Amino acid sequence: MSAENTGRELGWEDVIEKENQFIILPEGDYDFTVESFDRARHNGSEKVPACNKAVLKIRIDTPEGTVTVTHNLLLHSNVEWRLSEFFTSIGQKKKGETLRMNWNAVPGAAGRLKLGIRTYDGKNYNEVKQFYPKEDSGAKFTPGRF
């Protein structure tokens, strides 16, 4: 667990003040920075068998506040195009060229993405719909642009 997420244990008599600051951003195009990533395993599904996965923590800074979105990248040939899309977005890969993925350069990398909203268990969450190529200015619908 990273130091920023460890916090501290509260006592039974402690004073509390923090409230939930969960922000749902509107669908649209946003600049992002990769805060961190963890190596993990995908247990397998109907579409993709068990494989390695990168769990990205993606930060989006907006006038409404900062939002962190968790995004999984599966390391499997069935979804290799998603890896290419991500690495092109952060400028590591050029369209039409091969790339040996450099995960050490992922934390701190920046790019642009299309953010959507999905509902799970009756709650809304932001999710990454698409990563735009580094040289691409983004799509047509941009309420998140500022």
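Quick note: structure is the one above.
Cut-off values and rules
- Residues numbered from 1 in each chain as written.
- Predicted model: local features only at pLDDT ≥ 70, side-chain atom pairs only at ≥ 80, totals over all residues.
- Heavy atoms only, no water.
- Phe/Tyr/Trp six-rings, centres within 6.5 Å; stacked < 30°, edge-to-face > 60°.
- Buried < 20%, exposed > 50% of the residue type's maximum accessible area, 1.4 Å probe, protein only.
- Pairing = 2+ DSSP bridges.
- Helix = DSSP H or I, 4+ residues; strand = E, 2+ residues; numbered from the N terminus.
- Axes fitted to C-alpha atoms, helices over the stretch in contact; angles between N-to-C directions.
- Contact = heavy atoms within 4.5 Å.
- Polar contact = N/O pair within 3.5 Å; in protein donor to acceptor, adjacent residues only side chain to side chain.
- Core = buried A, V, L, I, M, F, W, Y, C linked by side-chain atoms within 4.5 Å.
- Salt bridge = Lys/Arg side-chain N within 4 Å of Asp/Glu carboxyl O.

Trainee: Pulling in residues and values, what's your account of the packing of aromatic side chains?
Mentor: Here the structure, examined in full by the defined rule, presents five aromatic pairs. When the ring of phenylalanine 86 is compared with that of phenylalanine 87, the centres are 5.2 Å apart and the planes differ by 75 degrees; the resulting orientation is edge-to-face. Considered together, phenylalanine 86 and phenylalanine 87 belong to a single accessibility category, that of buried residues. Geometrically, the ring pair formed by phenylalanine 86 and phenylalanine 131 is edge-to-face, given 5.2 Å between the ring centres and 75 degrees between the ring planes.

Trainee: Please set out the sheet that holds strand S3 (residues 65–75) residue by residue, giving values where relevant.
Mentor: What the five strands build is an open sheet, ordered S3-S2-S1-S4-S5; its pairing is antiparallel. The open sheet has two edge strands with one neighbour each: S3 and strand S5 (123–132). Pairwise comparison of adjacent strand axes, ignoring direction, gives a mean angle of 40 degrees for this sheet. As defined by bridge partners, strand S1 (residues 28–42) adjoins strand S2 (residues 51–62) across nine bridges and the pair is classed as antiparallel. Counterpart to histidine 42 in the pairing with S2 is cysteine 51.

Trainee: Let's hear about the environment of histidine 42: which residues, and what values?
Mentor: Topologically, histidine 42 is positioned in strand S1. Linking histidine 42 and leucine 73, residues 31 residues apart in sequence, is a C-alpha distance of 9.5 Å. If we ignore the near neighbours within four places in the chain, the residues touching histidine 42 are Val48, Pro49, Ala50, Cys51, Lys53 and Leu74.

Trainee: Could you give an account of the side chain of aspartate 29, naming the residues involved and the relevant values?
Mentor: Positionally, aspartate 29 belongs in strand S1. Separated by 2.6 Å, the side chains of aspartate 29 and tyrosine 132 make a polar contact.

Trainee: Describe the pairing of S1, and please don't skip the residues or the numbers.
Mentor: A regular strand carries its side chains on alternate faces of the sheet. Across six bridges, the pairing between S1 and strand S4 (residues 110–120) is antiparallel. Note on S4: the bridge partner recorded for aspartate 31 is arginine 112.

Trainee: Any details on helix H1 (residues 80–89)? Residues and values, ideally.
Mentor: Residues separated by three or four positions in an α-helix point in the same direction, a consequence of the helix having 3.6 residues per turn. Every buried residue belonging to H1 is among Leu83, Glu85, Phe86, Phe87, Thr88 and Ser89, and all of these are buried. Elements that come into contact with the buried residues of H1 comprise S1, S2, S3, S4 and S5. Just past H1, the residue glycine 91 takes up positive phi, approximately 85 degrees.

Trainee: Let's hear about the nonpolar core: which residues, and what values?
Mentor: Of all hydrophobic cores here, the largest spans 23 residues; its most connected members are Phe32, Ile60, Phe86, Val106 and Leu113. Going through the elements one at a time, S1, S2, S3, H1, S4 and S5 are the ones with two or more residues in this core. In contact with isoleucine 60, other than residues within four places in its own chain, are Leu25, Tyr30, Asp31, Phe32, Gly65, Thr66, Val67, Val69, Leu113 and Leu115.

Trainee: I'd like a description of the pattern of salt bridges, backed by residues and values.
Mentor: Tallying each qualifying case throughout the model produces six salt bridges. A salt bridge links arginine 118 to glutamate 127; the shortest N-O distance between them is 3.7 Å. The salt bridge involving lysine 129 is made with glutamate 127; its shortest N-O contact spans 2.9 Å. With a relative accessible area of 22%, glutamate 127 lands in the partly exposed category. Several salt bridges converge on common partners, so that one network encompasses Glu35, Arg59 and Asp61.

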